[in-house]
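# Summary of structural features
Single-letter residue listing:
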Amino acid sequence: TRTRSGQFVFNYTDDEPAVFVQFYKDVLELGSMAKLAYFNDLVVGAVCCRVETEGDKHRMYIMTLGCLAPYRRLGIGTALLNHVLQKARDHGNIDNIYLHVQINNEDALAFYRKFDFHSVETKEQYYKRIDPPHAHVLQKDMRGCMTAAEPPVPPELSTNVTDTDSMD
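These remarks concern the structure in this document. (Residues numbered from 1 in each chain as written. Predicted model: local features only at pLDDT ≥ 70, side-chain atom pairs only at ≥ 80, totals over all residues. Heavy atoms only, no water.)

## So, the overall build of the protein
Within the protein, the secondary structure is distributed over four helices and nine strands. Counting helices and strands in the order they occur from the N terminus, the protein gives β-β-α-β-β-β-α-β-α-β-β-α-β. Taking all 168 residues of the protein together, the buried fraction comes to 41%. For the protein, the computed accessible surface area is about 9900 Å², with 50% contributed by carbon and sulfur atoms. (Helix = DSSP H or I, 4+ residues; strand = E, 2+ residues; numbered from the N terminus. Buried < 20%, exposed > 50% of the residue type's maximum accessible area, 1.4 Å probe, protein only. Areas by Shrake-Rupley, 256 points an atom, 1.4 Å probe, with all protein chains shown as cover.)

Here you go:
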């Protein structure tokens with residue numbers, strides 16, 4: 001079974017659709033912690049993150065960041081990641097930002113390295129339905145860099161990244 005969210009197609013088994021429906025409902029409730037990137041009226045990229053608090057430690061987790069293949073290397077991923085970095089700065093108390101990346105996704109690993117993310121752990125069997133199932137945990141320390149500039153977003157893209165809370 002397949003479903004569409006904008007132009008992103010998701011595959012799931014018959015016992016999984018409720019999980020995907022709930023995930024995207026949760027995304028819409030995140031407001032500015034989720035962003036969509038548009039080219040004309042087509043959703044071509046998305047990011048979703050959350051703040052996790054344990055004691056006095058605050059971390060931001062990037063649950064998903066993606067861009068459709070034909071729209072990669074146009075600055076869309078940079079715009080989406082810059083949004084996350086700005087949210088961390090605005091929060092003012094984020095210790096680090098982290099995410100999981102499949103171990104063979106060299107493009108994603110190189111992308112995040114440009115933003116000073118580094119591997120802090122490798123989780124075996126992290127993914128359940130993709131091969132290889134292992135993931136690197138990438139992390140960017142935010143203490144001491146709360147005002148550091150990130151790579152710029154091309155001007156033509158800066159107006160095409162939209163908060164999910166501004167959607168009708």
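What follows picks up the thread again.
## Some remarks on the pattern of salt bridges
Tallying each qualifying case throughout the model produces three salt bridges. Of the charged contacts in the structure, one is a salt bridge between arginine 50 and glutamate 52, with a shortest N-O distance of 3.0 Å. Residue classification places arginine 50 among the partly exposed residues on the basis of a relative accessible area of 34%. Here aspartate 107 and arginine 73 are joined by a salt bridge, their closest N and O atoms 3.6 Å apart. A residue pair is termed long-range when its members are at least 10 positions apart, and aspartate 107 in helix 3 (residues 106–113) and arginine 73 in the loop between strand 5 (57–67) and helix 2 (76–91) qualify at 34 residues. Like arginine 73, aspartate 107 is exposed. (Salt bridge = Lys/Arg side-chain N within 4 Å of Asp/Glu carboxyl O.)

## Notes on the packing of aromatic side chains
For the coordinates displayed, the defined rule picks out six aromatic pairs. Plain terms: the ring middles of tyrosine 61 and tyrosine 98 are 4.7 Å apart, the flat faces sit at 40 degrees to each other, and that makes the pair tilted. Taken together, the residues tyrosine 61 in strand 5 and tyrosine 98 in strand 6 (residues 96–102) connect sequence positions 37 residues apart. For the pair formed by tyrosine 61 and tyrosine 98, the shared burial category is buried. Ring pairing ties together the aromatic residues Phe111, Tyr112, Phe115 and Phe117, which thus form one cluster. If you follow arginine 59 out to its NZ or CZ, it ends over the ring of tyrosine 98, 3.8 Å from the centre. (Phe/Tyr/Trp six-rings, centres within 6.5 Å; stacked < 30°, edge-to-face > 60°. Lys NZ or Arg CZ within 6 Å of the ring centre and 35° of its normal.)

## Brief notes about the pairing of strand 8 (residues 135–141)
Of all seven residues that make up strand 8, six are buried, and the element is covered over most of its length. When strand 6 meets strand 8, the two strands line up antiparallel, connected through seven bridges. Bridge pairing links valine 101 to histidine 136 in strand 8. Pairing analysis gives five bridges linking strand 7 (residues 118–123) to strand 8, with the strands arranged antiparallel. Paired with glutamate 121 across the strands is valine 137, a residue of strand 8. (Pairing = 2+ DSSP bridges.)

## Quick notes on the side chain of histidine 134
Note that histidine 134 resides in the loop between strand 7 and strand 8. Ignoring any residue separated from it by four or fewer positions in sequence, one finds histidine 134 in contact with Val101, Gln102, Ile103, Lys123, Glu124, Gln125, Tyr126 and Tyr127. (Contact = heavy atoms within 4.5 Å.)

## A few points about unusual backbone geometry
With omega at 0 degrees, the peptide bond leading from aspartate 131 into proline 132 counts as cis. Along the chain, proline 132 turns up in the loop between strand 7 and strand 8. Non-glycine residue arginine 73 carries a positive phi angle of around 65 degrees. Under the relative-accessibility criterion, arginine 73 is labelled exposed at 77%. You will see that aspartate 116, though not glycine, has its phi angle at about 70 degrees, which is positive.

## Focus on helix 2
Its 16 residues give helix 2 an end-to-end C-alpha distance of 23 Å, which sits within 8% of 22 Å, the value for a rise of 1.5 Å per residue. Most of helix 2 is tucked away: 12 of the 16 residues are buried. Here helix 2 has its buried residues at Ile76, Gly77, Thr78, Ala79, Leu80, Leu81, Asn82, His83, Val84, Leu85, Ala88 and Arg89. Backbone geometry just downstream of helix 2 places glycine 92 in the positive-phi region, at approximately 85 degrees. (Expected span 1.5 Å × (residues − 1).)

Coordinates in, geometry out; function isn't part of it.
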